[in-house]
Amino acid sequence: MDKLHHFINGNAVKLSNGRSGPVFNPSSGEQIAEVPYADEDTTNEAIAAAKSAFPEWASTPSVQRARFLFKFLELMNRHKEEIAQIVTREHGKTIPDAIGSITRGLEVVEFACGIPQVLKGEFSENVGTDIDSWSIRQPVGICAGITPFNFPAMVPMWMFPIAIACGNTFVLKPSEKDPSAPLFMANLLKEAGLPDGVFNVINGDAEAVTTILKNPDIGAISFVGSTSIAEKIYTSASANGKRVQALGGAKNHMIVMPDADMDQASDALMGAAFGSAGERCMAVSVAVAVGSAGDEIIKRLSPRVSSLKVGPGNDSQSEMGPLITKQHFEKVKEYIKIGENEGAELLVDGRNIKLQGYENGYFLGGTLFDKVTPSMRIYKEEIFGPVLSVVRAKSFEEASYLVDKHEYGNGAAIFTRDGDAAREFTHRAQAGMIGVNVPIPVPMAFHSFGGWKKSIFGDHSIHGTEGVHFYTKLKTVTSRWPTGIRSGAEYNFPSMK
Ligand code: NAD
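None of the values given here were measured: they were computed from a predicted structure.

The rules we used
- Residues numbered from 1 in each chain as written.
- Predicted model: local features only at pLDDT ≥ 70, side-chain atom pairs only at ≥ 80, totals over all residues.
- Heavy atoms only, no water.
- Disulfide = S-S within 2.5 Å.
- Pairing = 2+ DSSP bridges.
- Helix = DSSP H or I, 4+ residues; strand = E, 2+ residues; numbered from the N terminus.
- Axes fitted to C-alpha atoms, helices over the stretch in contact; angles between N-to-C directions.
- Contact = heavy atoms within 4.5 Å.
- Parallel < 35°, antiparallel > 145°, perpendicular 65-115°, else oblique.
- Left-handed = near helix turned anticlockwise from the far one by under 90°.
- Nonpolar A, V, L, I, M, F, W, Y, C, P; charged D, E, K, R; others polar.
- Near = heavy atom within 4 Å.
- Polar contact = N/O pair within 3.5 Å; in protein donor to acceptor, adjacent residues only side chain to side chain.
- Areas by Shrake-Rupley, 256 points an atom, 1.4 Å probe, with all protein chains shown as cover.
- Domains from an automatic or database assignment.
- Buried area = accessible area lost by both parts, 1.4 Å probe.
- Salt bridge = Lys/Arg side-chain N within 4 Å of Asp/Glu carboxyl O.

Next up on the list: the state of the cysteines. In a disulfide, the sulfur atoms of two cysteines are covalently bonded to one another. Applying the stated rule across the entire model yields zero disulfides. You can see C143 has no disulfide; the closest cysteine sulfur is in C166, sitting 8.7 Å from it.

Attention now goes to the sheet that holds strand β19 (residues 411–415). Strands belonging to one sheet form pairs held by backbone hydrogen bonds; the direction of such a pair is parallel or antiparallel. Read across the sheet, seven strands follow the order β15-β16-β17-β14-β13-β19-β20 without closing on themselves; strand pairing throughout is mixed. Since the sheet does not close on itself, it has two edges, and those belong to β15 (345–348) and β20 (433–436), each with one partner. Within the sheet, the average angular offset between the axes of one strand and its neighbour, ignoring direction, is 20°. As paired strands, strand β13 (residues 252–256) and strand β14 (residues 284–290) are joined by five bridges and run parallel to one another. In the strand pairing of β14, M254 is matched with A287. Across the sheet, helix α12 (residues 326–342) lies against β15, β16 (367–370) and β17 (387–393), angled at about 25° from β16, the strand it touches most. The sheet strands contacting helix α14 (residues 396–405) are β13, β14, β17 and β19, and the helix crosses β13 at an angle near 170°.

Glancing now at the packing of helix α2 (residues 62–78) against helix α4 (residues 95–113). As a packed pair, α2 and α4 sit with axes 9 Å apart at the nearest point and diverge in direction by 160°. In terms of axis orientation, α2 runs roughly antiparallel to α4. With respect to the hand of their crossing, α2 and α4 are arranged in left-handed fashion. Within the contact between the two elements, α2 uses A66, L69, F70, F72, L73, M76 and N77 and α4 uses I102, L106, V109, E110, A112 and C113. Residue composition of the contact of α2 with α4, grouped by class: 11 nonpolar, one polar and one charged.

This part takes up the site of the ligand. The environment of the ligand is formed by 26 residues, the closest being K173, E176, S226, G248 and E382. Here F149 contributes a backbone N or O atom positioned 3.0 Å from an oxygen atom of the ligand. At a separation of 2.7 Å, an oxygen atom of the ligand approaches a polar side-chain atom of K173. Here the ligand loses 87% of its free accessible area of 850 Å² to cover by the protein chains. Elements with a contribution of two residues or more to the shell around the ligand: α8 (206–214) and β11 (218–224). Mapped onto the domain boundaries, the shell around the ligand takes at least three residues apiece from domain 1 (2–248 + 455–477) and domain 2 (252–436).

Each assigned domain of the protein chain is listed here: domain 1 (2–248 + 455–477) and domain 2 (252–436). With 20 residues of domain 1 at the interface, the matching set in domain 2 holds 24 residues. Both sides of the domain 1 and domain 2 interface together cover about 1700 Å² of buried area, and 59% of this is carbon and sulfur. Summed over the three residues of domain 1 that lose the most area to domain 2, namely P26, S27 and S455, the buried surface amounts to 28% of that side. Run the count over domain 1 and domain 2 and you get one salt bridge. Linking D97 and R280 is a salt bridge whose minimum nitrogen-to-oxygen distance equals 2.8 Å. Examining the composition of the side of domain 1 that touches domain 2, we find that three residues originate from one element, helix α3 (residues 80–91), more than from any other.

If you want it as structure tokens, here you go:
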């Protein structure tokens with residue numbers, strides 16, 4: 001069994017005493033590693049390493065900082081399959097899905113490689129007579145990232161490439177459920193020649209996070225995880241004077257209009273609801289079927305959900321892997337019971353599957369509910385499993401009202417052939433990421449990712465220009481070179497003449 005470590009100041013730090021926790025292979029239910037949980041001292045040690053590396057890193061020209069990222073990108077591409085195997089082993093998702101998510105993370109590295117262009121700033125000549133003005137962006141300092149289990153490689157890559165490209169140093173606290181991919185990436189950053197201390201990994205749980213929130217040397221915190229923790233992190237870190245972006249949970253709706261291509265819409269729902277066993281913040285967990293779309297979509301979905309190929313992520317036949325932990329598996333099963341008790345129509349029940357040879361794995365089959373209503377808990381709460389709820393709506397108005405009234409607002413999609421409905425939806429939907437005939441509208445790295453309402457706390461979305469703004473402080477300079485002519489003291493508020 002692997003004994004994992006922290007990564008501080010360029011070194012693997014193994015501690016033999018102190019708290020630790022198990023890492024499981026969710027396909028077999030076996031413990032495959034032991035991960036140390038950093039205490040206050042160890043966490044502060046990592047922050048101190050980031051602090052001492054900061055001055056030199058911040059004054060390294062951006063073009064040189066980018067070169068380390070180019071090298072890291074090359075190494076990541078070389079080791080992509082290996083990292084995908086690690087992700088699958090600890091998370092359970094299928095290998096092609098793991099590869100896809102790593103690729104999406106690497107797109108952020110590609111964006112960060114162009115940082116000299118992005119950080120060029122703005123210059124205005126002669127804003128007043130013989131006065132010039134320019135704006136520059138400078139690093140915030142020491143930044144921390146706290147990440148969830150569902151994308152152990154991609155979500156950290158939403159953060160650290162841009163943070164370090166902008167001249168910050170970074171402390172990552174990945175999920176304790178699947179910490180090996182971030183440690184692998186830390187080694188590749190070292191191999192890429194990144195100076196020690198610029199990137200550090202602290203493993204652990206709430207104790208490490210609380211230390212990060214309190215430490216006065218941390219300037220900015222990026223968090224991705226569940227809404228209840230996101231809100232706590234936001235409240236506590238901002239009270240401690242830090243910048244915070246805290247992305248939370250979701251309940252993404254996909255509206256299917258009666259004029260949609262029903263085969264295309266059902267393909268989209270299958271992938272978006274059941275890919276990665278529904279453990280994606282952009283998973284579609286609610287299909288809102290308008291009018292006759294209801295029967296059409298159910299007719300297509302039912303047989304496909306029943307015949308979903310569930311199995312270990314490293315089996316090329318699997319379309320969907322297991323859930324992350326035994327506790328989460330039990331929680332999702334409990335939601336299915338709740339849905340039944342609430343009166344939703346359970347058309348496909350995923351609780352009955354048995355996989356030969358994987359009896360201790362956390363496998364749940366695809367589950368489909370029809371006639372779900374907005375008052376039900378299975379509609380209101382994030383389940384984060386392979387459970388799709390179909391809600392019937394009479395009109396586009398009623399369907400989009402549901403999207404707008406839900407407390408989460410991460411992503412929302414519409415499937416239609418009516419440009420008018422699509423445009424209206426795009427304009428007024430109360431969600432941060434909108435898809436038109438695209439079920440999972442995850443923005444590319446050069447745009448920014450983030451929801452609205454309870455899906456985000458803080459002002460900046462993640463990566464793209466928003467990421468650059470989050471990880472930099474704006475400074476605007478106004479400058480005049482004296483010509484020898486004195487204009488005397490100015491007692492009125494200065495305005496340019
Ligand atoms: P989580 O909130 O349990 O954990 C996220 C991180 O917070 C982990 O590093 C964990 O160790 C830490 N943490 C957990 N409890 C804590 C506590 N009490 N105090 C301080 N830190 C704590 O989330 P998860 O189960 O790992 O991930 C799934 C959740 O993440 C889902 O709700 C999903 O929607 C959300 N998510 C959101 C996005 C997004 O972009 N909005 C992306 C991915 C996942």
